[in-house]
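What follows is the residue order along each chain.
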Amino acid sequence: MDPAQWLADYQERLERVAYSARSASASLAEVGATATSPRGEVTVTVNAGGVLGDVALTPAARRLDVDTLAMLIVSTAREAQRLASARMTEVMADYLGESDALHQITRHLPEAVR
């Protein structure tokens, strides 16, 4: 193969990979999730990493005892984290396909997400 052609082909592959990486990064930046408790007292929003972004409580939440409200916030946050993990997995699967790299990223996620 001609060295100039090899270099041109290699440059083209690098550009495709860089474009895909930027696309995946942009998609991941938009990933997050919001979950609401079954009766609507608590709504929790998390980012792609599952980090808490917002907690909203309705007036009905004020009528709950402290322990019940705390458990409801935690369970709603866990649901939002599960949803965000599932969305992150979808984005990375589109980018990486079914691969060892995807397995390494998702192996620490709950089974329900993988």
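These notes cover the structure that comes with them. (Residues numbered from 1 in each chain as written. Predicted model: local features only at pLDDT ≥ 70, side-chain atom pairs only at ≥ 80, totals over all residues. Heavy atoms only, no water.)

Now for the overall build of the chain. Counting secondary structure elements, the chain contains three helices and three strands. Moving toward the C terminus, one meets the helices and strands of the chain in the order α-β-β-β-α-α. On the principal axes, the C-alpha backbone points of the chain span a range of 75 × 25 × 15 Å. Burial status across the chain gives 24% buried among its 114 residues. In the chain, once contacts between residues fewer than 6 apart in sequence are set aside, the share between residues at least 24 apart is 48%. Here the chain displays about 7900 Å² of accessible surface, and carbon together with sulfur accounts for 55% of that area. Where the 11 positive side-chain charges of the chain centre and where its 15 negative ones centre are 7 Å apart. (Helix = DSSP H or I, 4+ residues; strand = E, 2+ residues; numbered from the N terminus. Buried < 20%, exposed > 50% of the residue type's maximum accessible area, 1.4 Å probe, protein only. Contact = heavy atoms within 4.5 Å. Areas by Shrake-Rupley, 256 points an atom, 1.4 Å probe, with all protein chains shown as cover. Lys, Arg positive; Asp, Glu negative; His and termini not counted. Charge placed at Lys NZ, Arg CZ, Asp CG, Glu CD.)

Attention shifts here to the sheet that holds strand S2 (residues 42-47). One open sheet holds the three strands; their spatial order is S1-S2-S3, and the pairing between them is antiparallel. In this open sheet, the two edge strands, each paired with only one partner strand, are strand S1 (32-36) and strand S3 (52-57). The average undirected angle you get between the axes of adjacent strands in this sheet is 10°. Strand direction decides the pairing type here: S1 and S2, joined by five bridges, are antiparallel. (Pairing = 2+ DSSP bridges. Axes fitted to C-alpha atoms, helices over the stretch in contact; angles between N-to-C directions.)

Here we take up the packing of aromatic side chains. With the rule as written, the count across this model stands at one aromatic pair. Plain terms: the ring middles of tryptophan 6 and tyrosine 10 are 5.3 Å apart, the flat faces sit at 5° to each other, and that makes the pair stacked. Highlighted residues: tryptophan 6 and tyrosine 10, both in helix H1 (residues 3-29), separated by four residues, approximately one helical turn. Taking relative accessible area as the criterion, tyrosine 10 reaches 36% and is therefore assigned partly exposed. (Phe/Tyr/Trp six-rings, centres within 6.5 Å; stacked < 30°, edge-to-face > 60°.)

Mapped onto the elements of the fold, proline 38 is located in the loop between S1 and S2. A C-alpha to C-alpha distance of 33 Å links proline 38 and serine 25, two positions 13 residues apart in sequence.

Another aspect to go through is the pattern of salt bridges. Pairs can form between side chains of opposite charge whenever their charged atoms are close. Taken as a whole and judged by the stated rule, the model has three salt bridges. Among the salt bridges present, the one from arginine 16 reaches glutamate 12, with a minimum N-O distance of 2.9 Å. On the criterion of helical spacing, the pair formed by arginine 16 and glutamate 12 is a turn pair, its members being four residues apart in helix H1. For arginine 16, a relative accessible area of 46% gives the class partly exposed. Across the pair arginine 39 and glutamate 41 runs a salt bridge whose closest N-O atoms are separated by 2.9 Å. According to the relative accessible area criterion, glutamate 41 is buried, its value standing at 3%. (Salt bridge = Lys/Arg side-chain N within 4 Å of Asp/Glu carboxyl O.)

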